[in-house]
Amino acid sequence: MAVVEQRTFCRICEAHCGLVAEVEDGQVVKMRPDRDHPVSRGYSCVKGLALPELHRDPDRVNQPLKRAADGTLEPISWEQALAEIGGKVRALRKQHGKRSVGMYTGNPSFFSLQHVLYSAGFLEALGSPNLFASHSVDANNKFHVSTAMYGQSVVHPIPDFDRCELFVCLGSNPVVSQMSILCVPDSLGKLQAIEARGGRVVTIDPRRTETAAKVGEHLFVRPGTDAYLLMAILHVVAIENPIDLDPARAVADGVDEFVEVARDWTPERVAPITGIDAAVIRELANAYRTANGAVLYMSTGVNMGPFGSIAYWLIQGLALITGNLDAAGGLLVPRGPFDIVKLAAAVGLGSFDEHRTLVGDWHRVAGCFPVAALADEITVDHPERIRALFITAGNPVHSMPGGDRLRDALRELDLLVSIDMYVNESAADAHYILPATDMLERSDFPISHANLQPTPHAQWTPAVVPPTHERREEWQIFSDLARACGAPVLGASVCNALPRLNRLLSWVPGLRPITPNTLLALLLRWGGDTTLAELKKNPAGVMLPETQPGSFLGKRVPAGNVRLAPSELVADVSRLADRAPEFEADDGKLRLIGRRERKSHNSWMHNNRRIKQPEGNVALLNPADARARDIADGDHIEIVAGDRRLELPVKLTEDVGEGVICVPHGWDHAAARLPRASALGGGNVNTVIPGGPEQVEPISGQAIMVSHAVDVRRAARADAKQSA
Ligand SMILES: Nc1nc2c(c(=O)[nH]1)N[C@H]1C(S)=C(S)[C@@H](COP(=O)(O)OP(=O)(O)OC[C@H]3O[C@@H](n4cnc5c(=O)[nH]c(N)nc54)[C@H](O)[C@@H]3O)O[C@H]1N2
Ligand SMILES: Nc1nc2c(c(=O)[nH]1)N[C@H]1C(S)=C(S)[C@@H](COP(=O)(O)OP(=O)(O)OC[C@H]3O[C@@H](n4cnc5c(=O)[nH]c(N)nc54)[C@H](O)[C@@H]3O)O[C@H]1N2
Ligand code: SF4
Ligand SMILES: [Mo]
């Protein structure tokens, strides 16, 4: 049988690399990078190339599973699963009200047009505000700040790589991650191009990363202290050397109040907190101020710290007052293939809403409550507590700090349903597991990332192969669940009406449900720069108009004027002064930071047969800190925080700053049904990172996951083993 080539694109990370699948006899036999792709130009990583192995992994869930009384999982039919889940949800809603149902949507759900719309739509159709999402362990600070400043959680100014003279990269490791809230395949290439044309790249990170090793200058920063550094930059830029603020005042409110917050934060005061010399801070600030196009980019290393919202706010404000926002070589705000901001407003992401958690009074950011609040919403003694939870494309027990607390809470649920490709750690106590398709088995369009592209481009992919076994696409799963759970048909908001509409349509014989592609065609017709028909004709996608400098401020800001001094952010600045002594003190403890690995992806790449993990799960430590603790290279160490403990082998390297211990996340799959991944061993770093509502950045609800103080010592035993 002839091999048919099918162009598609990877949706594991935000780079969205173009791929070519080779299909023979209905089977995907090979995946290769798409050398003719107009944006990724042949770039890809092993994870995208290993999609065929993901597709045919024998450990996948291929039909609905139900947990029997003895704890084992038994295959059942879709009809039985839907009827039983639906019956349970109907009874719980009747007895305990709408809030009794909740949902956690994980990171991969945001990489699928159908998933993000139909899952949120399902919960909204049930009338529950209890939506929790992985973005509160990832970038909630960015979503909160964008809502507060621009009036929309989906507005994110992104770097103009091709024209900037100075690129400062805080808390991101592009070589490994390809960055976040940004779509750039081969981001290292983009940074190297800045250097090649005489520009400057500075990475600021507690570790000399793979990126820092390959491009530009590197500054060690003490974990958790970037907001102090940014304060000092603002101080130098606007107070030490006052600049003309009139252009900013013309497009923003609160400009003077914003500048004033940095009054006391001189480089000299900030130096002992951050560990960066005052002269170095001053030089960097002046370089930022005078460059003809400069970018301050921050990502998860800062998001996950104690001051993520302040830091993102300072970066936006600094860009605005120095003329680097909406400007060539600075930050630009792409529009997307159609008006994404309008769509987001229609689904209710335009402003903060009235919903609050029962415990802690948390607000929703980008339509979701913080995951750190989930355990309490299940266990609280309140008539409206969560009793049924759907986890879709997520692994919160594993991916969030203090996951054991959540695991215990999940055991109190009347109903736990996991919608996933695997039986992951969070499904260890699930009553039902519903088999999802992988990305080769469904058509798609990257809607969540469509306005985050430095090179605007739109691509649609058909399914490379039809779903195998009894795997089902999420649009269908959530439409069927809405019907089974008795979601009322009337009263839907604009886009979240889909599962309800499909319920209505299912009553009339002969009518077809609304599929993701019908929806996409409508969205693109809604002021779009392309059409679905055009995308289908162009399998490598179509180029969209470039983002023009000067097209955002005063024109497309959803709030009208930028709000440069949101009251909650101004008030939170006092926390910087309060906590400064903690960072200056030498308490003998090390600060924990994370690390992503090129060949793994959060918690779900370790079972892939194509991807080798030769290094295993290793902690990194500076030799000076090792000497002080009598630790040698290759020893097993224990990392201790209170009564929590993790044991791992250690590698000594000058690349990690002194006072820092670096551990990747996503390891240890003993609790999952992932035989290959489990055999790799390792330990889950989130068992030593304290979780719960106290460990949350107070503005946005983002879980604090870096900079925790831990004790590190040589382990008594030789084998690497972890215990909570
Ligand atoms: N291969 C691979 N790629 C991925 C992922 C993956 O798991 N594997 N995950 C994807 C996901 S979900 C996301 S959100 C993105 C994230 O993409 P990035 O945000 O680029 O994430 P990391 O690569 O973890 O880089 C974070 C950096 O922050 C540093 N850091 C830690 N603490 C601090 C601090 O206090 N200050 C500063 N300045 N730096 C600090 C760390 O040392 C690390 O180098 O990556 C995506 N891409
Ligand atoms: N300590 C520490 N913890 C971290 C981080 C860190 O840097 N340090 N990073 C955090 C970040 S940035 C993130 S985004 C979170 C991620 O946290 P989560 O989103 O909670 O978890 P993942 O590990 O991404 O697990 C994703 C699950 O989705 C499943 N899946 C994949 N594709 C599909 C699909 O198409 N449909 C369905 N239904 N299921 C699918 C996978 O099998 C897997 O079980 O982890 C966070 N946790
Ligand atoms: S960098 Fe790798 S994981 Fe990310 S989109 Fe490209 S191929 Fe997929
Ligand atoms: Mo993430």
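Residues numbered from 1 in each chain as written. Chains lettered and ligands numbered in written order. Predicted model: local features only at pLDDT ≥ 70, side-chain atom pairs only at ≥ 80, totals over all residues. Heavy atoms only, no water.

Colleague: What exactly am I supposed to notice about the pairing of strand 26 (residues 708-714) here?
Modeller: It is a general feature of regular strands that their side chains alternate between the two faces of the sheet. As judged from the 3 bridges shared by strand 21 (residues 590-593) and strand 26, these two strands associate in the antiparallel manner. Looking across to strand 26, one finds that Arg 591 is bridged to Ala 709. Summarising the sheet, strand 23 (residues 636-641) and strand 26 pair through 4 bridges and their orientation is antiparallel. Considered in strand 26, the bridge of Ile 637 is made with Arg 714. (Pairing = 2+ DSSP bridges. Helix = DSSP H or I, 4+ residues; strand = E, 2+ residues; numbered from the N terminus.)

Colleague: Whenever I open this one, the packing of aromatic side chains confuses me. Can you help?
Modeller: The relative placement of two aromatic rings is captured by the distance of their centres and the angle of their planes. Going through the model one piece at a time under the given rule, you end up with 12 aromatic pairs. Each ring, one from Tyr 228 and one from Phe 583, has its centre 5.7 Å from the other, and the planes form 65°; the classification is edge-to-face. Of this pair, Tyr 228 sits in helix 9 (residues 226-240) while Phe 583 sits in helix 25 (residues 574-584), and the two are 355 residues apart along the sequence. Plain terms: the ring middles of Phe 307 and Phe 583 are 6.3 Å apart, the flat faces sit at 55° to each other, and that makes the pair tilted. You can see Phe 307 sitting in the loop between helix 14 (300-303) and helix 15 (308-321) and its partner Phe 583 sitting in helix 25, a full 276 residues away along the chain. Neither Phe 307 nor Phe 583 differs from the other in exposure class; each is buried. (Phe/Tyr/Trp six-rings, centres within 6.5 Å; stacked < 30°, edge-to-face > 60°. Buried < 20%, exposed > 50% of the residue type's maximum accessible area, 1.4 Å probe, protein only.)

Colleague: Help me understand the domain arrangement of the protein chain in this model?
Modeller: As assigned here, the protein chain comprises domain 1 (65-138 + 341-450 + 457-543), domain 2 (160-336 + 556-571) and domain 3 (586-723). Each of domain 1 and domain 2 has a C-alpha centre, and the two are 35 Å apart. Contact residues are listed per partner, giving 7 residues for domain 1 and 7 residues for domain 2. Of the roughly 570 Å² buried where domain 1 meets domain 2, counting both sides, 46% is carbon and sulfur surface. Connecting domain 1 to domain 2 are 1 salt bridge. For the salt bridge of Arg 335 with Asp 529, the shortest nitrogen-to-oxygen distance reads 3.2 Å. Here domain 1 and domain 2 share 2 residue pairs in polar contact (both at pLDDT 80 or more) between them. Class assignment for the residues of the side of domain 1 that touches domain 2 results in 3 nonpolar, 2 polar and 2 charged. (Domains from an automatic or database assignment. Contact = heavy atoms within 4.5 Å. Buried area = accessible area lost by both parts, 1.4 Å probe. Salt bridge = Lys/Arg side-chain N within 4 Å of Asp/Glu carboxyl O. Polar contact = N/O pair within 3.5 Å; in protein donor to acceptor, adjacent residues only side chain to side chain. Nonpolar A, V, L, I, M, F, W, Y, C, P; charged D, E, K, R; others polar.)

Colleague: Is there a simple way to think about empty space enclosed by the protein in this case?
Modeller: If a probe the size of a water molecule is rolled over the atoms, the empty space left behind becomes visible. Enumeration according to the criterion identifies 5 cavities of 30 Å³ or more in this entry. Quantified by volume, the largest cavity comes out at close to 140 Å³. Looking at the largest cavity, it is lined by 15 residues, and the ones nearest its centre are Cys 13, Cys 17, Cys 45, Lys 47 and Gln 178. Taken together, the residues of the lining of the largest cavity break down into 9 nonpolar, 4 polar and 2 charged. Estimated volume of the second largest cavity: approximately 100 Å³. Lys 142, His 156, Pro 157, Ile 158, Ile 181, Leu 296, Tyr 297, Met 298, Tyr 312, Ile 315, Gln 316 and Leu 331 are the residues that line the second largest cavity. Contributing elements (two or more residues each) for the lining of the second largest cavity: strand 13 (294-298) and helix 15. Partitioning the lining of the second largest cavity into residue classes produces 9 nonpolar, 2 polar and 1 charged. (1 Å grid on protein atoms, 1.4 Å probe; cavity = no way out; pocket = protein on both sides within 12 Å on 5 of 7 lines; lining within 4 Å. Points joined across faces, edges and corners; volume = space filled by probe spheres on them.)

Colleague: What am I meant to see in the pairing of strand 2 (residues 18-24) here?
Modeller: Counting buried positions along strand 2 gives 6 out of 7 residues, so the element sits mostly inside the fold. Bridge count between strand 1 (residues 3-9) and strand 2: 7 bridges; the pairing is antiparallel. Residue Val 4 lies in a different strand from strand 2, and its bridge partner there is Val 23. By the bridge criterion, 6 bridges tie strand 2 to strand 3 (residues 27-33) in an arrangement that is antiparallel. Counterpart to Val 23 in the pairing with strand 3 is Val 28. Hairpin geometry of strand 2 and strand 3 is characterised by an intervening segment of 2 residues between the two adjacent antiparallel strands and by a positive phi of about 55° at Asp 25.

Colleague: Sorry, what's going on with the state of the cysteines here?
Modeller: Put plainly, a disulfide is one covalent bond tying together the sulfur atoms of two cysteines. Summed over the entire model, instances satisfying the criterion amount to 0 disulfides. Of all cysteine sulfurs, the one in Cys 164 lies closest to Cys 169, which takes part in no disulfide; the gap is 11 Å. Overall, the relative accessible area of 1% leaves Cys 169 in the buried class. (Disulfide = S-S within 2.5 Å.)

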